[in-house]
Amino acid sequence: MKKQVSPSIVIDYTGMMSSAQNPKGFKKEELLGLQNELDQAQTALSSLRDSGKLDFSKLLDPMKAQLSMIVEYADNVVSKYDNFVVLGIGGSALGPLAVHQALNHYYYNELPSEKRSYRPRLYVMDNIDPVRFNELLQILDPRKTLFNVISKSGNTSETMAQFLIVRNTLRRVCGESYAEHIVVTTDKEKGNLLPIVLKEGYQRFVIPAGIGGRFSELTPVGLLAAAICGIDVHQLLEGALAMDQWIRDSKGVYSNPAQLRAALAHLSGQRGKNISVFMPYADGLKTMADWYAQLWAESLGKRFDRQGRVLHVGQTPVKALGVTDQHSQVQLYVEGPDDKVITFVTVDKFKETREIPMDLELPEDIQFLSGRTLEELLYAEQKATEYALTLAGRQHQKLILPTLDAYNVGQLLLLLEWETAYMGELLNINAFDQPGVEEGKNGTYALMGRKGYEARKKEIEEYGEVRYVLDGMI
Ligand SMILES: O=P(O)(O)OC[C@H]1O[C@](O)(CO)[C@@H](O)[C@@H]1O
């Protein structure tokens, strides 16, 4: 008997399919034509999961057992600190940021303490721009701040640099108790951060070995920051588990949401749509687009297939925001090259409503706004954009969240993670590594003088001895 995941995200893929307005859309049979490959993908992913190589899914349930520890720690520290600062980059920052923005008050940090239930403000320092870094430290009192250093590898230069600066400041300001202001989330056994953690006695949370950074939001990476802000982390996991089960238990492209989304992405890629636009119509989901961009780009942008043949695949993810980008990007989406497939993300019921005041004196041409709501305007704009794209023969689909709450955000995260895994199978690539990033990391080590990288340093310094530069000399 079929079970309903409730309340469930709805995937409306009408705009991808052939219709009177857009005959260029896919026919139902085209998706069914991928079913064999999707079935093979499902079998392959299921054995990967059984063998501990798909832990973003497998460890979801066990993560529930760790939640009480995370929540207990969070509840114990919240009254001691005014600020909670995540230090991390990539998957160690984008997830915490996305969930924070989706589920907390949009101006959470500006709220008076009682409106935050006396919980700390949350900052996510995901870069090493010296101005931003200094300016953050200028506005925070280190004595009232808890820093969460997050690094799966424990080796990332940016995060280590942030950590070293903060540790120095804390030592100077807080003296012997400095270690109480640092909590580290990293691998259980590996990395350069771990020996320091063990030596200096910081509170520690573990990122499971089999979960890569961009798949790690529903581990202590994201759950701790969420629990600190009072987000319902149980519901976040419940939503994720419901989606996980839906995807693992359902068969066939027209039943399985990850198969459907991956199949649509794959077919559109084959038609030369090399760009995947992620366009939420909710400001709370703006940074979800950043999280999705890393997931899609690092997982699927690959030079080789699994047999080592050169492919150079991967759709470029583009982050957009409705309705803001209707006044910036949509012209290009409607009339520019037909190389994009657009995913709208909408919220059926916003947690707030706002009426536009009734004013019968208004000039006739803006009377239509009078007495309506901002959500009505937003929905109308989204639908109108969809229609304009359809008329222009552009493909699009929509993920509809019933509400923007922890349960549905958990579902959304898992859906996007699973469809990425499926897409990796369809492309016959390894979706879980990122060799292209390593080159840059090694180059940085070399240029910064890390031991063992001397030859690389020489190589980089000698590269481009002839330079082409326009420098304003006249
Ligand atoms: O959590 P870590 O190991 O510090 O890595 C941060 C990010 O760097 C990358 O390795 C490369 O961008 C990402 O995959 C990862 O999310």
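Residues numbered from 1 in each chain as written. Predicted model: local features only at pLDDT ≥ 70, side-chain atom pairs only at ≥ 80, totals over all residues.

Taking an unreviewed UniProt entry as the reference, the protein is identified by name as Glucose-6-phosphate isomerase belonging to Desulfosporosinus fructosivorans. Heading Sequence similarities (unreviewed entry) of the UniProt record for the protein holds this comment: "Belongs to the GPI family." Looking at the Subcellular location (unreviewed entry) heading of the UniProt record, one finds this comment for the protein: "Cytoplasm". (UniProt positions renumbered as here; feature names shortened; annotations may be inferred.)

Attention now goes to the overall build of the protein. On a plain count of helices and strands, the protein comes out with 17 helices and 12 strands. The C-alpha radius of gyration of the protein comes to 24 Å, within 12% of the 23 Å expected for a compact globule of 474 residues. Classification of the 474 residues of the protein by burial places 41% in the buried group. Considering only contacts in the protein between residues 6 or more positions apart, those separated by 24 or more positions represent 75%. (Helix = DSSP H or I, 4+ residues; strand = E, 2+ residues; numbered from the N terminus. Rg over C-alpha atoms; globule rule 2.2 N^0.38 Å. Buried ≥ 20, exposed ≤ 12 C-beta atoms within 10 Å, placed from the backbone. Contact = placed C-beta atoms within 7 Å.)

All right, on to the domain arrangement of the protein then. Taken as a whole, the protein is organised into domain 1 (10–52 + 239–427), domain 2 (55–231) and domain 3 (438–463). A C-alpha centroid distance of 39 Å is found between domain 1 and domain 3. (Domains from an automatic or database assignment.)

What follows concerns the sheet that holds strand 3 (residues 121–125). With respect to topology, 5 strands assemble into an open sheet ordered 3-2-4-5-6, the strand pairing being parallel. Across the chains shown, the open sheet's two edge strands, defined by having one partner strand only, are strand 3 and strand 6 (203–207). Sheet twist, expressed as the mean angle between neighbouring strand axes with direction ignored, is 20°. Bridge analysis of strand 5 (residues 182–187) against strand 6 gives 5 bridges, and the strand direction is parallel. Residue pairing in the sheet places Val183 in a bridge with Gln203 of strand 6. (Pairing = 2+ DSSP bridges. Axes fitted to C-alpha atoms, helices over the stretch in contact; angles between N-to-C directions.)

With that settled, the discussion passes to the environment of Leu38. Locating Leu38 in the fold gives a position in helix 2 (residues 35–50). Under the C-beta neighbour-count criterion, Leu38 is labelled buried, with 24 such atoms within 10 Å. C-alpha of Leu38 to C-alpha of Asp141: the two residues are 103 residues apart in sequence and 53 Å apart in space. In this view, Leu38 contacts Val253, Gln259 and Ala263; residues no more than four positions away in its chain are not counted.

This part covers the sheet that holds strand 11 (residues 340–349). Spatial strand order, 1-12-11-7-10: 5 strands in an open sheet with mixed pairing. Either end of the sheet is taken by a strand with one partner, and the two such strands are strand 1 (10–12) and strand 10 (316–319). Between one strand axis and the next, the sheet turns by 20° as a mean value, whatever way the strands run. Sheet topology places strand 7 (residues 275–280) next to strand 11; 6 bridges connect them, and they run parallel. Bridging across to strand 11, Met279 finds its partner in Phe344. Helix-sheet contacts for helix 14 (residues 374–391) involve strand 11 and strand 12 (396–403), and the interaxial angle to strand 11 is about 155°.

What follows deals with the nonpolar core. Of all hydrophobic cores here, the largest spans 114 residues; its most connected members are Leu87, Ala226, Ile228, Ile231, Leu236 and Ala240. Ranked by residues supplied to this core, first place goes to helix 15 (residues 406–427) with 14 residues. Composition of this core by domain shows at least three residues from each of domain 1 (10–52 + 239–427) and domain 2 (55–231). Residues in contact with Leu236, not counting those within four places in the same chain, are Leu218, Ala226, Ile231, Ala406, Val409 and Gly410. (Core = buried A, V, L, I, M, F, W, Y, C linked by C-beta atoms within 7 Å.)

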